[in-house]
Amino acid sequence: MVTTGRWAFAVDVPAPHHRRTTVRRGGFVSHDAAEAALRRFLEGEAGGFNADPNQSVTDYLTAWLAAKALVLKP
């Protein structure tokens, strides 16, 4: 996707408490840069990173700590 001489990507991802959400990122100087950013984004999704743009830092960290509680040392 090209906007004003810059490249962007858009991807639909599952979101908690929602059916799906579209994440858009732009401002990349080349097609390759946009593809690399999309690849990093999708790797984060596959690794369990929650991409909900409406989630607060507090909510994210609370969920992260709950998920890691069993593997972290006290």
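Please read all numbers here as calculations on a predicted model, not as lab measurements.

**With respect to the overall build of the protein**
Right, on to step 1. If you tally the helices and strands in the protein, you get two helices and three strands.
Right, on to step 2. In the protein, buried positions account for 18% of the 74 residues.
Right, on to step 3. If you take every contact in the protein between residues at least 6 apart in sequence, the share linking residues at least 24 apart comes to 32%.
Right, on to step 4. Split by element, the accessible area of the protein, about 5,800 Å² in all, is 58% carbon and sulfur.

**Re helix H1 (residues 31-46)**
Because an α-helix packs 3.6 residues into every turn, residues spaced three or four apart end up facing the same way.
Right, on to step 1. With 16 residues, H1 should reach 22 Å at 1.5 Å per residue; the first-to-last C-alpha distance of 22 Å fits that figure.
Right, on to step 2. Turning to H1, its buried residues are Ala34, Ala37 and Phe41. The buried residues of H1 all sit within an arc of 65° when viewed along its axis, so they share a single face. Exposed and oriented more than 90 degrees from the buried face of H1 are Asp32, Arg40, Glu43 and Ala46.
Right, on to step 3. Next to the buried residues of H1 lie strand E2 (6-13) and strand E3 (21-28).

**A closer look at the packing of aromatic side chains**
Right, on to step 1. A complete count under the given rule lists two aromatic pairs for this structure.
Right, on to step 2. Measuring from ring centre to ring centre gives 6.1 Å for Phe9 and Phe41, while their planes differ by 50°; the resulting arrangement is tilted. One end of the pair, Phe9, is in strand E2; the other, Phe41, is in helix H1, and 32 residues separate them in sequence.
Right, on to step 3. Under the relative-accessibility criterion, Phe41 is labelled buried at 14%.

**Side note on the nonpolar core**
Right, on to step 1. In terms of nonpolar packing, the biggest core is built from eight residues, these being Phe9, Val11, Val13, Val23, Phe28, Ala34, Ala37 and Phe41.
Right, on to step 2. Only E2, E3 and H1 provide two or more residues apiece to this core.
Right, on to step 3. In this view, Val11 contacts Thr21, Thr22, Val23, Leu38, Phe41 and Leu42; residues no more than four positions away in its chain are not counted.

**What about the confidence of the model for the protein?**
Right, on to step 1. A residue-level look at the protein finds 81% of positions with pLDDT of 70 or above and a mean pLDDT of 80.
Right, on to step 2. Looking at the elements of the protein, mean pLDDT is at its lowest for strand E1 (residues 2-3), recorded as 52, and at its highest for E2, recorded as 89.

**Things to note about a nonpolar patch on the surface**
Right, on to step 1. Residues Trp64, Leu65, Leu70, Val71 and Leu72 make up a contiguous nonpolar surface patch of about 560 Å² in total accessible area.
Right, on to step 2. Along the polypeptide, Val71 turns up in the segment after helix H2 (57-68).

**Observations concerning the environment of Asp12**
Right, on to step 1. With respect to the helices and strands, Asp12 occurs in strand E2.
Right, on to step 2. Counting along the chain gives 12 residues from Asp12 to Arg24, while the straight-line C-alpha distance between them is 8.9 Å.
Right, on to step 3. There is a polar contact of 2.4 Å between the side chain of Asp12 and the side chain of Thr22.

Parameters and conventions
Residues numbered from 1 in each chain as written. Predicted model: local features only at pLDDT ≥ 70, side-chain atom pairs only at ≥ 80, totals over all residues. Heavy atoms only, no water. Helix = DSSP H or I, 4+ residues; strand = E, 2+ residues; numbered from the N terminus. Buried < 20%, exposed > 50% of the residue type's maximum accessible area, 1.4 Å probe, protein only. Contact = heavy atoms within 4.5 Å. Areas by Shrake-Rupley, 256 points an atom, 1.4 Å probe, with all protein chains shown as cover. Expected span 1.5 Å × (residues − 1). Arc of directions from axis to C-beta. Phe/Tyr/Trp six-rings, centres within 6.5 Å; stacked < 30°, edge-to-face > 60°. Core = buried A, V, L, I, M, F, W, Y, C linked by side-chain atoms within 4.5 Å. pLDDT = per-residue confidence, 0-100. Patch = residues over 30% accessible without salt bridge, like charges linked within 9 Å, V, L, I, M, F, W, Y side chains within 5 Å. Salt bridge = Lys/Arg side-chain N within 4 Å of Asp/Glu carboxyl O. Polar contact = N/O pair within 3.5 Å; in protein donor to acceptor, adjacent residues only side chain to side chain.

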